[in-house]
Amino acid sequence: MKIAEMRLTPIAMADPPLLSSYGLHAPYALRTIVELVSEDGLVGIAETHGGAGPLGDLERARPLVIGRNAFDLARLRLAIEGDASNPPHPATADVGAAAKTDPDPNALPAQTYTLPGEGRLDAPLRVYAALEVAAHDLIGRAIGVPVCDLLGGRVRDEVPFSAYLFFKQAGGGGGDDDARADRWGPALDPSAIVAQARQMIAEYGFGSVKLKGGVFPPAQEIAAMLALRDALGPDTPLRIDPNAAWTVPTAIRVGTALAGALEYLEDPTPTLASMARVRHGLLEAGIDTPLASNTSVTSFADVPDVVRGGAVGVILSDHHYWGGLRAIVQLGRLCETFGVGLSMHSNSHLGLSLLAMVHLAAATPHLTFASDTHYPWQDGADEILDGGRVPFTNGAVRVPTGPGLGATLDRDALARGRERYDRCGYRNRDDAAEMRRHIDPAWRRVVPRW
Ligand code: GKR
Ligand code: MG
């Protein structure tokens, strides 16, 4: 099944002013929609990171994609990585290297990107991941099976997600001529965070709750977490993720104050070495709260250190940059083997990324926690799928049974997303610049801040 055409559509969607240790979300978040069209006119679709960098990287891969059989994915990955005859071993590849010796003139340089919330990212793997998802959708359509069946078959029919709370400025996102209603209101103190949690749970039915921290001094964030525990009761699992804004002593202090209240503590500090010191300090105090990470663990190259160090108990995977759906299924087997928990990280996204996560989760037995999702923060008016928003029931999404990912593109909605992209002027995510523009002209990211 040859791929005859690759369509790339950059889109923008309204995004509310959410706060994190990276700064402030801009009025628009950026995504890229990938379409692979087969010779006989079938279309496979995928959603990935947005803006000029990811779009340019995908564009450079075009000659490696056109004319290739959609099943020929292992070689596609090698070709994109640019060293088909001698692929680097994941554990030894230097993901920070500027360029590799490169026999293929079309191969992507082994650039890395540092995006808010994602640590180091390997550009070739991100490109491959988007193409791999679209190819799975295409194959699923061609043979009439859901993507999860191509990944090994479903072990669950519903995939649970966690509420994802943010400290938030007033505003619903979108530019001045396109401002959206602020459905959530500002949330700058513990009682507003509790109100946000109640609203999100009422609308989506989530059974676990994560707070994005690293925004206010730790005492305020501890207060917010304790307020959540009091409001939601001890049976609602809670998590906090300051995106590495804390020192080791601060992380131990917060972990101690929240002992018994957390199902895991996410990326309190920036590196595996510092996380090991946090884990050690907590254990010495008799606190066995697992540590989770999507910042210091971003690729297979990090897994040996996770296993050797034993400090990170939960890997927060993300098919968008680990190298696609099959990569995470494989990661699941590794995590199972080594007794490490597994969940999924998210970034601002629409329903197409959500459905890819759902199929993946359905086919990953060792997914031990409800996954993150930013989906509630996006405005339904910006959804690009036929039929609109993906529904949630009791905090979970039903695994589609139709062919492929189970969704098709609403062409008008996609065109509106494209127009928004053209109009909005943003070409990469820069939360620090937004923070300086709207809140504090002197603001800069400091890690650790407390
Ligand atoms: O949306 O501001 C955000 C998050 O901080 C995001 O960028 C992170 O990647 O959600 C992510 C995380 O868990 O670190
Ligand atoms: Mg995180």
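Residues numbered from 1 in each chain as written. Chains lettered and ligands numbered in written order. Predicted model: local features only at pLDDT ≥ 70, side-chain atom pairs only at ≥ 80, totals over all residues. Heavy atoms only, no water.

Caption draft 1: Representation of the coordination of the magnesium ion (ligand 2). Listed as protein donors to the magnesium ion (ligand 2) are Asp241 (OD), Glu266 (OE) and Asn294 (OD1); their distances from the metal cover 2.0 to 2.2 Å. On the basis of relative accessible area, Glu266 is assigned to the buried category, the value being 0%. (Donors = N, O, S within 2.8 Å, 3.2 Å for Na, K, Ca; no water. Buried < 20%, exposed > 50% of the residue type's maximum accessible area, 1.4 Å probe, protein only.)

Caption draft 2: Local environment of empty space enclosed by the protein. Counted under the stated rule, the structure contains four cavities of 30 Å³ or more. By volume, the second largest cavity is sized at about 50 Å³. Around the second largest cavity, the lining is made up of 13 residues, and of these Ala46, Glu47, Val133, His319 and His320 lie nearest the centre. Contributing elements (two or more residues each) for the lining of the second largest cavity: β5 (43-49), α4 (123-143), α11 (319-322) and α13 (351-362). By residue number, the principal contributor to the lining of the second largest cavity is α4, which donates four residues. Of the residues belonging to the lining of the second largest cavity, the class tally is seven nonpolar, four polar and two charged. (1 Å grid on protein atoms, 1.4 Å probe; cavity = no way out; pocket = protein on both sides within 12 Å on 5 of 7 lines; lining within 4 Å. Points joined across faces, edges and corners; volume = space filled by probe spheres on them. Helix = DSSP H or I, 4+ residues; strand = E, 2+ residues; numbered from the N terminus. Nonpolar A, V, L, I, M, F, W, Y, C, P; charged D, E, K, R; others polar.)

Caption draft 3: Here's a closer look at the sheet that holds strand β12 (residues 264-266). Overall, parallel pairing links the seven strands, which are arranged β9-β10-β11-β12-β13-β14-β15 in an open sheet. For this open sheet the edge positions go to β9 (163-166) and β15 (341-344), each flanked by a neighbour on one side alone. When strand polarity is set aside, the average angle formed by the axes of neighbouring strands in this sheet is 25 degrees. Where strand β13 (residues 291-293) and strand β14 (residues 312-317) come together, three bridges link them in parallel fashion. Directly across from Leu291, in β14, lies its bridge partner Val312. Along the sheet face, helix α6 (residues 190-204) touches β9 and β10 (209-212) and points at about 150 degrees away from the line of β9. (Pairing = 2+ DSSP bridges. Axes fitted to C-alpha atoms, helices over the stretch in contact; angles between N-to-C directions. Contact = heavy atoms within 4.5 Å.)

Shape descriptors only; they carry no functional weight alone.
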